[in-house]
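Chain by chain, the residues run as shown.
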Amino acid sequence: ASGGVRAFSTFAIQVSTWRAAPYLYMDCLYVTAGYRREGLGQQLVHRVFREARQRHCTEVQWQTPEFNAQALAFYDRLPGTQRHAKWRYHCQLLE
């Protein structure tokens, strides 16, 4: 995929009502299958962390499905990260 997207991340600044402080929520981190294990994921995560510091955030949060073993293993290897159990609710709004 020459010239195509190899990796990307999306995020938003949010405010924690528990901590009364801003944090960065990383919504998506994706590396195209053919480019995994080349360090792109780590580079992106560290870039997101730098962005959070520049925006005076107290932490970075993200989620991944429990069945995504590859992502869980990647995140578990990041220094300083901790896994927290949390239930996520969805409500599809019908007209």
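Here we summarise the structure given alongside this text.

The rules behind the values
- Residues numbered from 1 in each chain as written.
- Predicted model: local features only at pLDDT ≥ 70, side-chain atom pairs only at ≥ 80, totals over all residues.
- Heavy atoms only, no water.
- Pairing = 2+ DSSP bridges.
- Helix = DSSP H or I, 4+ residues; strand = E, 2+ residues; numbered from the N terminus.
- Axes fitted to C-alpha atoms, helices over the stretch in contact; angles between N-to-C directions.
- Contact = heavy atoms within 4.5 Å.
- Phe/Tyr/Trp six-rings, centres within 6.5 Å; stacked < 30°, edge-to-face > 60°.
- Buried < 20%, exposed > 50% of the residue type's maximum accessible area, 1.4 Å probe, protein only.

Topic: the sheet that holds strand 2 (residues 21-31)
- Taken in spatial order, the 3 strands make up an open sheet running 1-2-3, and their pairing is mixed. Looking at which strands have only one partner, the edges of the open sheet turn out to be strand 1 (7-16) and strand 3 (60-62). Between one strand axis and the next, the sheet turns through 35° on average, direction left out of account.
- Where strand 2 lies against strand 3, 3 bridges are found, and the strand directions are parallel. The partner of L24 across the bridge, within strand 3, is V60.
- Seen against the sheet, helix 1 (residues 40-54) touches strand 1, strand 2 and strand 3 and runs at an angle of roughly 160° to strand 2.

What about the packing of aromatic side chains?
- Throughout the structure, instances matching the rule amount to 4 aromatic pairs.
- Relative to Y30, the ring of F8 has its centre 5.8 Å away and its plane inclined at 40°; by these criteria the two rings are tilted. Of this pair, F8 sits in strand 1 while Y30 sits in strand 2, and the two are 22 residues apart along the sequence.
- Accessibility expressed as a relative area gives 36% for F8, which makes it partly exposed.
- When its relative accessible area of 36% is taken as the criterion, Y30 is described as partly exposed.
- Ring pairing ties together the aromatic residues F49, W62, F74 and Y75, which thus form one cluster.

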